[in-house]
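# Reading the structure
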Amino acid sequence: MFRWNTQHPSPMPSHRYRDVHSRVAVPLSERDWPSKRLTHAPLWVPVDLRDGNQALAEPMDPARKRRFFELMVEIGYQEIEVGYPSASRTDYDFVRLIAETDLAPEDVTIVVFTPARRDLIERTVESVRGITNDVVIHMYTPTAPLWRDVVLGRTRDQVKELVVAGGSDILELAGDLPNVRFEFSPEVFNLTEPDFILDLCATMTTLWEASPDRPVILNLPATVEVATPNVYADQIEYMHKNLDRRDSVILSVHPHNDRGTGIACAELAVLAGAQRVEGCIFGNGERTGNVDIATLALNLHAQGIDPMIDFSDIDRIRRTVEHCTRLPVHERHPYVGALVHTAFSGTHQDAIHKGFTEHRSRAAALGVPEHELEWQLPYLPIDPADLGRDYEAVIRVNSQSGKGGIAYLLSTEHGIELPRRLQIDFARHVQHHTDDTGGEITGDELWTLLQQVYLNCPAVRGEVLEHFCRTTATGEVLTFVEYSGADGRGWIGGRGPTEQAATKDALSRVDPTKLTA
């Protein structure tokens, strides 16, 4: 142990676990991926309506599934996994809705998911009949030793028989459909012997007669993330270099985030030869989630690469995803979180302020609009305006961080926790107050100002975006409504003895016709 490292052994039973290299061979010895660069976006395939939906405590109802699907189409996804039609009536009915309506534009590919079991494959094929869009039937089978032994109770040869039987059933039932292509996932690929995976993939591409005109998708999931991202990249590059019929294969990856490195796994996998990435917008999924394909796309944007998906109104996308999944997006979530463009540190604030000043001066000197100028600001890797956000959140919150701790005083002295976006709005009013008085503002003064600004102000008229209920230390309930009106976005409040009463009061003060919003 180095003298400078004085850490002590922990009491955790780490000896119970084996590293990945003792569990699966990684035969790649010469690597090309470390010297590669990302130059274009892969084919993104959101699996929120299937994989993400399975991970929800309350799965999406038909209305929420439809709203989510419409959002994904609107922002540019061209291939969407829409469900597991043999698993639930809701999923089956949603696929039939696509078949019987014009919900899916003709250039959007529909993906459906099935295990390798004939009766379930029959149900899956039945669900897609009549769809005129391109369709992908995605078949999966667990292949890793632990899953073979414990879950399936089958040997390698028996698992191969299962896979071939399922693939043959799909070919028999859907092979005559000209708009249908096939996808195979050896589940838990990252813990399966490489020679077995190559054998299975070669068998499937031969069985399904993969060709450049009708390629087969081979999807290689890190179903449970167990290794550093470089290991997954090695595994993908090995497959990329050794797959049969490589020009007739779309190499796909499906990383999970158990180690918190799903993003890195996906990025390195693309460097290693992957052409297609499955994941969820904002990373929902079992355990710690599927890879976050919104973050992946915006990481490309931040490197000057077109992500091929439109996130220019990211707050609206966030609201829709939160509504459909009933899951909040964390305030520190990359790109979309309420605080990701906010600096509380005084040194960060100073650097950002100077960066904005320099940006404006450089644009003026070059005679170009600020929004077209190369972005070079300290601590802000991308321009918030690219995502439909303004600069007021950064400037207002930053300018208040040293003036008494607005959120802290309201919480500790009056028991009220404001939503972060409301804190940003309220900070502007606090700034005006402190500018006028020239001094600090107390907790009681903050509470009085809060009531003046949101609770004792005239009614407004606008579209309700969302609302938040908070209970004060005295037990009174306050509801704060974010709305969009003729003069832009704003906030207004209501109060009452109960959440229902406070919400009714607040909504009626925005627009009496919005009482059911």
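Residues numbered from 1 in each chain as written. Predicted model: local features only at pLDDT ≥ 70, side-chain atom pairs only at ≥ 80, totals over all residues. Heavy atoms only, no water.

To keep it simple, the criterion reads: UniProt positions are given in the numbering used here, feature names are shortened, and annotations may be inferred rather than shown by experiment.
By the naming in an unreviewed UniProt entry, the protein goes by 2-isopropylmalate synthase and is assigned to Amycolatopsis endophytica. The UniProt entry for the protein carries the following text under Catalytic activity (unreviewed entry): "3-methyl-2-oxobutanoate + acetyl-CoA + H2O = (2S)-2-isopropylmalate + CoA + H(+)".

## Regarding the pairing of strand β4 (residues 135-142)
We apply this condition: Buried means the residue's accessible area, taken with a 1.4 Å probe over protein chains only, is under 20% of the maximum for its type, while exposed means over 50%, and partly exposed covers the values in between. Secondary structure is summarised from DSSP: a helix means a run of H or I of at least four residues, a strand means a run of E of at least two, and numbering begins at the N terminus for each. Pairing between strands is defined by DSSP: at least two bridges between them are needed. When the strands point away from the viewer, a crossover counts as right-handed if the path from the first strand over the helix to the second runs clockwise.
Of all 8 residues in β4, 8 are buried; the element is thus mostly enclosed. Residues Val135, Ile137, Met139 and Thr141 point to one face of β4 and Val136, His138, Tyr140 and Pro142 to the other, with burial holding for every one of them. Bridge count for strand β3 (residues 109-115) against β4 is 6 bridges, and the pairing is parallel. If you follow Thr114 over to β4, its bridge partner there is Met139. One crossover worth recording links β3 to the parallel β4 by way of helix α4 (residues 118-128), and it is right-handed.

## Considering the pairing of strand β8 (residues 276-279)
Of the two faces of β8, the one carrying Arg276 and Glu278 and the one carrying Val277 and Gly279 are both buried. Two elements, strand β7 (residues 249-255) and β8, share 2 bridges in a ladder whose sense is parallel. Paired with Val253 across the two strands is Val277, which belongs to β8. Where the polypeptide runs from β7 across helix α9 (residues 262-271) and back to β8, its parallel neighbour, the crossover connection is right-handed.

## Considering the sheet that holds strand β10 (residues 477-485)
Worth spelling out the cut-off: Interaxial angle, 0 to 180 degrees, is taken between N-to-C directions of lines fitted to C-alpha atoms, where a helix line uses only the stretch in contact.
Ordered by their spatial adjacency, 3 strands build an open sheet running β9-β10-β11, and the pairing between neighbours is antiparallel. Each end of this open sheet is capped by a strand with a single partner; those strands are β9 (462-471) and β11 (488-496). The sheet shows a mean angle of 20° between the axes of neighbouring strands, direction not considered. One ladder, built from 9 bridges, connects β9 with β10; its direction is antiparallel.

## Concerning the packing of aromatic side chains
Counted only if it meets this: Side-chain rings of Phe, Tyr and Trp (the six-membered ring for Trp) are treated as a pair once their centres are within 6.5 Å; stacked means planes under 30 degrees apart, edge-to-face means over 60, and tilted covers the remaining angles. Whether a charge sits over a ring comes down to the Lys NZ or Arg CZ being within 6 Å of the ring centre and within 35 degrees of the ring normal.
In this structure the tally under the stated criterion is 9 aromatic pairs. On the basis of an interplanar angle of 85° and a centroid distance of 6.1 Å, the ring pair of Tyr454 and Phe480 is categorised as edge-to-face. Of the two residues, Tyr454 sits in helix α16 (residues 443-455) while Phe480 sits in strand β10, which places them 26 residues apart along the sequence. You can call Tyr454 buried: its relative accessible area is 1%. The exposure class of Phe480 is buried, given its relative accessible area of 0%. An aromatic cluster is defined as three or more aromatic residues linked by ring pairs; in this entry it consists of Tyr84, Phe113 and Tyr140. Directly above the ring of Tyr92 sits Arg123, whose terminal nitrogen or CZ lies 3.7 Å from the centroid.

## Brief notes about the domain arrangement of the protein
Test applied: Where a domain begins and ends is set by an automatic assignment or by a domain database. For this analysis, residues touch if any pair of their heavy atoms sits within 4.5 Å. A 1.4 Å probe defines the accessible area here, and the buried area is the portion of it lost by two parts on being joined, summed over both. Salt bridges are defined by distance alone: a side-chain nitrogen of Lys or Arg within 4 Å of a carboxyl oxygen of Asp or Glu. Think of a polar contact as two N or O atoms within 3.5 Å of one another; within protein, one of them needs to be a possible hydrogen donor and the other a possible acceptor, and neighboring residues in sequence only count if both atoms come from side chains.
Taken domain by domain, the protein holds domain 1 (29-325), domain 2 (341-392), domain 3 (395-456) and domain 4 (463-508). In this assembly, 15 residues from domain 3 lie in contact with 14 residues from domain 4. For the pair domain 3 and domain 4, the two sides together bury roughly 1300 Å², of which 64% comes from carbon and sulfur. Sorting the residues of domain 3 by area buried against domain 4 places Arg421, Tyr454 and Leu455 first, and these three jointly supply 39% of that buried surface. Across the pair Glu466 and Arg421 runs a salt bridge, and its minimum N-O distance is 2.8 Å. Taken together, domain 3 and domain 4 are joined by 5 residue pairs in polar contact (both at pLDDT 80 or more). The set of elements that each furnish at least two residues to the side of domain 3 that touches domain 4 consists of α15 (420-437) and α16. Per element, the largest residue contribution to the side of domain 3 that touches domain 4 is 5 residues, and it comes from α16.

## Observations regarding the nonpolar core
In plain terms, the rule: Buried Ala, Val, Leu, Ile, Met, Phe, Trp, Tyr and Cys residues that are joined via side-chain atoms within 4.5 Å together make up what is termed a nonpolar core.
Ranked by internal contacts, the top residues of the largest apolar core, which has 95 residues, are Trp44, Phe69, Tyr77, Ile236 and Phe311. Residues within four places of Phe311 in sequence aside, it is in contact with Ile75, Tyr77, Ala294, Ala297, Leu298, Ile317, Asp386 and Leu387. One finds Val430, Leu450, Leu455 and Leu478 within the second-largest nonpolar core, a separate group that totals 19 residues.

## What about the layout of surface pockets?
Unfilled space is identified by rolling a water-sized probe across the atoms. How we decide: Whether a set of points on the 1 Å grid over the protein atoms alone is a cavity depends on a 1.4 Å probe fitting there but being unable to get out, while an open set qualifies as a pocket with protein on both sides within 12 Å along at least five of seven lines; lining residues are those with an atom within 4 Å of a point. Grid points are joined across faces, edges and corners, and a volume is the space filled by probe spheres set on the points. Any residue that is not Ala, Val, Leu, Ile, Met, Phe, Trp, Tyr, Cys, Pro, Asp, Glu, Lys or Arg is counted as polar, Gly included; the first ten are nonpolar and the last four charged.
Considered as a void within the structure, the second largest pocket measures approximately 630 Å³ in volume. Contributing to the lining of the second largest pocket are 27 residues, with Arg318, Arg319, Glu322, Leu465 and Glu466 lying nearest its centre. Looking at the lining of the second largest pocket, the elements that each hand over two or more residues are α2 (62-75), α11 (314-325), α15 and β9. Per-class residue counts for the lining of the second largest pocket are 10 nonpolar, 5 polar and 12 charged.

## Digging into the packing of α9 against helix α10 (residues 293-301)
What counts here: In what follows, roughly perpendicular refers to angles from 65 to 115 degrees, roughly parallel to angles under 35, roughly antiparallel to angles over 145, and oblique to any angle outside these ranges. By convention the crossing between two helices is left-handed if the near helix lies anticlockwise of the far one by an angle smaller than a right angle, and right-handed if it lies clockwise.
Viewed as axis vectors pointing N to C, α9 and α10 meet at an angle of 55°, and their least axial separation amounts to 10 Å. One way to sum up the angle between α9 and α10 is to call them oblique. In this structure, α9 crosses over α10, and the sense of that crossing is right-handed. Of the residues in α10, those touching α9 at Ile263, Ala266 and Glu267 are Thr295, Leu296 and Asn299. Tallied by class, the residues present in the contact of α9 with α10 amount to 3 nonpolar, 2 polar and 1 charged.

## Remarks on the pattern of salt bridges
All told, the structure shown has 35 salt bridges when counted by the stated rule. The shortest N-O distance in the salt bridge between Arg31 and Asp234 comes to 2.8 Å. Taken together, the positions of Arg31 in the segment before β1 (43-46) and Asp234 in helix α8 (residues 229-242) put the pair 203 residues apart, joining distant regions of the chain. For Arg31, a relative accessible area of 42% gives the class partly exposed. Across the pair Glu58 and Arg326 runs a salt bridge whose closest N-O atoms are separated by 3.7 Å. Of this pair, Glu58 sits in the loop between α1 (48-54) and α2 while Arg326 sits in the loop between α11 and α12 (346-366), and the two are 268 residues apart along the sequence. Note on Arg326: relative accessible area 36%, which makes it partly exposed.

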